[in-house]
Amino acid sequence: MSVPVSRSDWAGVLVNGALVGFAVASLAPLVWMLSVSFMPAGEASSLPPPLLPSAPTLDNYRLLFSRMGIGSYALNSLLIALLVTLLSLLFNTLAGYAFAKLTFHGRERLFQSLLGALVIPAQVAMMPLFLLLKEMGLVNSIGGVVVPAMASVFGIFLVRQYTRGIPDELLEAARIDGAGEFRIFWQIVLPLLKPVLVTLATFTFLGSWNDFMWPLIVLSDSGLHTLPVALSNLAREHVQDSELMMAGAVLTVLPVLLLFLALQRYYLQGLLLGSVKG
Amino acid sequence: MNRLLQRCLLWVILLSILVPGCSRLDQPAAGTTLRFWAMGREAEAVAALIPEFERRHPGVRVALQQLPWTAAHAKLLTAYASDALPDVLQLGNTWVPEFAMLNALLPLEVRATRSATVVQQDYFAGIWATNVVDGTLYGVPWYVDTRLLFYRRDLLRKAGFDHPPQSWDEWLTMQAAIKAQVGEQAYAVLLPLNEFEPLLALSLQQAEPLLREGGRYGNFRHPDLQRSLAFYARMFELGYAPRASNTQIANPWTEFGRGYFSFYISGPWNIAEFQQRLPPELQSAWMTAPLPGPDGPGASIAGGSSLVISRQSAQPDLAWRLIEYLSEPAVQRAFHQRVGDMPPRRSSWDTSSLADDVYAQAFRDQLERAKPPPAVPEWERIATEMRLVGELLVHGKLDVAGAADELDRRTDRILEKRRWMLQNGSLASPVMEERP
Amino acid sequence: MTASRAAWCFISPALLVIGVFFLLPAAASLLLSLTDFDLYALADPANLRWVGFANYLELLQRPLFWQALGNTLYFVVVGVPVSMGVSLLAAVLLQDSAARCRAFFRTALFAPVVTTVVAVAVIWRYLFHTRYGWINHVLAGVGIDPVDWLGDPHWAMPTLILFAVWKNFGYNMIILLAGLQAIPADLYEAARIDGANRWQQFRHITLPSLQPMLMMVAILTTAGYFQLFAEPYVITEGGPVQSTLSVLYLMFEEGFKWWNLGMASAVAFSLFALMLFVTLILTRLFRSRHE
């Protein structure tokens, strides 16, 4: 079917123009954040508000690292995110595989009830969880953030969805050959799950790095604070130092943004996998 | 089956090492570390005084942590609930009854009596008294705090006045004159909506107490206290004060310098701040003055902070030595010079710097008329409600009578448990007494 | 070792963690909400009182609870449709045959989703500053008076909604994009031959095909928006005049600021009940539309 040339041109301009508009709206605040972080103190609070630093300086970053100790907060965030990712990867994969490929009594019903648990908002459990962790001596420690996050229904669900694609014959053959269940999981299934493992790892790492509410509650000692918590403290204490705040925001956002850019294929894939019901 | 079980066990063992290991990762290093939490600018200032203490006590390291004031109360309670309170901490003196009730504080009676440095008679009696709960001493006053009037005397002079206001009426007249001068885009006074202190100070200026019957019920409906609410609201109604919080003013010091507002109710720490942040040509343009009251010079909040020792501290003696160090008059003077907070003991006042400090004159004057808020554990909560209802009042959502009713309603609800416990005898005697 | 035994070995670690650190506390929360656990009880368990449903009754009588509920519902009722609308528009644009540099745009539009809420909330606070913020500067350029975005009770919540939409629209966009890609091209071809214009194609092919996906996205987004907390906590601290106080913020303040754990648990459970109710209604609604 022929379309007049001018109409498709017009459509192209409209569509791409709109997309450019969207992109600007999405990225402009982040770009501005970067710009302000290089401004000398006080410049951002002037009229008219500047777009670019008049004299770019690394002072804000220097201050954050030397006086505010942001390096240790970043390390805390990294440590927690890594621990959570590794441990939850292990637990969720084991469980997800079992729910997908190992038959046992009550498997489907158990899984359905787990899915039902997704409805309960996490905040409902927070206060008793705090008291429980206090009894276990995990409050105000890295463990207090890591331990409750060692498994998640979403992770199990994701792995299960993906694992169902593995042909049963493969596993049967291995069983006939006399391999134990754990051997089968470790040597045959796990390598096949690599894509979903990367996806889950990306999801979990991002989620843990960005987690704010629970670390805020559990970590009292400022030495243990993660980047988001430290940033919110700084934001309340140094509300007038916008340039400093933006530098802190850059340090918090940049790692995950870069990680996302590197692994976006897996992340987006996982997003779809988790959302489209099997 | 064995292999599988073996593997399972292996993981369980691994995790049982790893997980508690994580919690121990962040334990302080071996050796003597004294944990000390302080708030806001005081924390920044005391950091400079710590090295001398460490020099006097070789092998001891003081780990100082700074808490923002806006989150301090909640953080302290969370730390208490997590058994994570530090050895020494700064506590707002209105919080002492609360933490004493929680059994979080070590009684200091005996240590204070035996101490050569912390001498009760040297302290201002009213301030010392705020640290005594049910006859036991729980804290040592660190600095004394109140709310003063900071004002631009050059702008005031331009409006035709050569002295600070002495009463509410005079103050309103001055504000009107300044407002006429600065026009629509600026204001006469800044009363930040995220602070309860201005409204509290105005309320304390009435002779009536804020709570009645031994701290069982709110007293805000009393006509005198309603007068304070009305005066507070009036300044916003007439356009003399912006309906804004501190965070929305971005930089209060710069704005003060720019004449965005000419009166500011704030504390003595801002003396140092204004001296640092305002340009030299404006240094003679501002001054402090005691708060004007309903019929003459008025009262203000007897605030301040105390140093307390947590009951869970493993090294109470060392903690006490830190408190003694910070209570030495020389150290208090150095502290004052850094942050502008006023020392709570007479001998620390007795120096040339404080005697000459023109800005401190107003403070000493105000100290004569400083009143503490009610000493109930729920006070922090009630103060927050004062701020919230004050905000509703200012935004026109409640009129004065409605605000007083609402404040009483909320206060009564907050105090319900207290009433039950007093009735039951679970709480000794009412902590609050009639203060002079 | 039977497969069954192995299976239990495999799932026990995860089940243990979820059971002990989530389900158990959630159940305990229900119990806690029936007591008046507060600071006094924290100091000495003997001060704990069993109060039955008194917390819930008191909540229902507390204007602040209704305010928080109203704020949260405002956020959900306005935020979800706006967010979904923006996501759908973005997805449609990306899917359009005229679009270029798809990969770049997809990444750019998704970027806000992975950023930390706290960090971008701080950015937002400065962007919307009354005097020095860029937004008011731009508005002034077109002759509009500066708006007190975060200080005016009428504008604070819309600003937060805008923030939430900006931050999250990329997420649903990806999902809807996948849905759009799954629609067979010949449906559109046939419609075009029949003379339908773009808008008609959208209404009669795109929307119906996306129905199940839209329903799921709506439910997930609604559930997520009910849990509004980080944005008011960082940007407005619940103000001004508590116009941005959400139910979860109320729970946080009751629980971790004042340590009224009994009351806080009651708030949490009320929110849960509400979310369950709304989700069920939404599911019913969509299911009946679908038939």
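Refer to the structure above for everything that follows.
Residues numbered from 1 in each chain as written. Chains lettered and ligands numbered in written order. Predicted model: local features only at pLDDT ≥ 70, side-chain atom pairs only at ≥ 80, totals over all residues.

## A closer look at the overall build of chain A
Next up, step 1: When its secondary structure is counted, chain A shows 13 helices and 0 strands.
Next up, step 2: Computed over C-alpha atoms, the radius of gyration of chain A comes to 24 Å, more than 25% over the 19 Å expected from 2.2 N^0.38 for 278 residues, which places it beyond the range of a compact globule.
Next up, step 3: Principal-axis analysis of the C-alpha atoms gives chain A an extent of 75 × 75 × 30 Å.
Next up, step 4: Expressed as a percentage of contacts within chain A between residues at least 6 apart in sequence, the contacts between residues at least 24 apart total 78%. (Helix = DSSP H or I, 4+ residues; strand = E, 2+ residues; numbered from the N terminus. Rg over C-alpha atoms; globule rule 2.2 N^0.38 Å. Contact = placed C-beta atoms within 7 Å.)

## Section: the interface of chain C and chain A
Next up, step 1: Counting from both sides, the interface comprises 71 residues of chain C and, opposite them, 77 residues of chain A.
Next up, step 2: Ranked by the residues each element gives to the side of chain C that touches chain A, the list is headed by helix α1 (residues 3–32) of chain C, at 20 residues.
Next up, step 3: Within the side of chain C that touches chain A, the residues separate by chemical class into 57 nonpolar, 11 polar and 3 charged. (Nonpolar A, V, L, I, M, F, W, Y, C, P; charged D, E, K, R; others polar.)

## Side note on the interface of chain C and chain B
Next up, step 1: At the interface, 24 residues of chain C touch 25 residues of chain B.
Next up, step 2: Those elements giving two or more residues to the side of chain C that touches chain B turn out to be α1, α2 (39–43) and α12 (247–257) of chain C.
Next up, step 3: Broken down by element, the side of chain C that touches chain B gets its largest block of residues, 4 residues, from α2(C).

## Quick look at the sheet that holds strand β8 (residues 189–190) of chain B
Residues and elements named next belong to chain B.
Next up, step 1: The mixed open sheet is built from 4 strands, whose spatial order is β8-β11-β7-β12. The strands lining the two open edges of the sheet, one partner per strand, are β8 and β12 (286–289).
Next up, step 2: Where β8 lies against strand β11 (residues 263–266), 2 bridges are found, and the strand directions are parallel. Pairing of Val189 across the sheet is with Phe263, part of β11. (Pairing = 2+ DSSP bridges.)

## A few points about the environment of A:Thr103
Next up, step 1: The topology assignment puts A:Thr103 in the loop between α3 (70–101) and α4 (107–117).
Next up, step 2: The class of A:Thr103 is exposed, set by 10 C-beta atoms lying within 10 Å.
Next up, step 3: Once residues within four sequence positions are removed from consideration, A:Thr103 is found in contact with C:Ala3 and C:Ser4. (Buried ≥ 20, exposed ≤ 12 C-beta atoms within 10 Å, placed from the backbone.)

## Details of the sheet that holds strand β3 (residues 88–92) of chain B
Backbone-to-backbone hydrogen bonds pair the strands of a sheet. The strands run either parallel or antiparallel.
All names here are of chain B.
Next up, step 1: The strand order β2-β1-β3-β14-β6 describes an open sheet built from 5 strands, whose pairing is mixed. Only two strands of the sheet have a single partner each, and these edge strands are β2 (60–67) and β6 (140–145). Direction aside, neighbouring strands of the sheet carry axes that sit 20° apart on average.
Next up, step 2: Alignment of β3 against strand β14 (residues 303–309), held across 5 bridges, turns out to be antiparallel. Across the sheet, the residue bridging to Gly92 is Ser305, located in β14.
Next up, step 3: Running over the sheet, helix α2 (residues 40–47) touches β1 (32–39), β2, β3 and β14 and is turned about 140° from β1. (Axes fitted to C-alpha atoms, helices over the stretch in contact; angles between N-to-C directions.)

## Considerations on helix α5 (residues 102–114) of chain C
Next up, step 1: Between its first and last C-alpha atoms α5(C) spans 19 Å; for 13 residues at 1.5 Å apiece the expected length is 18 Å, and the two agree.
Next up, step 2: Of the positions making up α5(C), those classed as buried are C:Phe105, C:Arg106, C:Ala108, C:Leu109, C:Phe110, C:Pro112, C:Val113 and C:Val114. (Expected span 1.5 Å × (residues − 1).)

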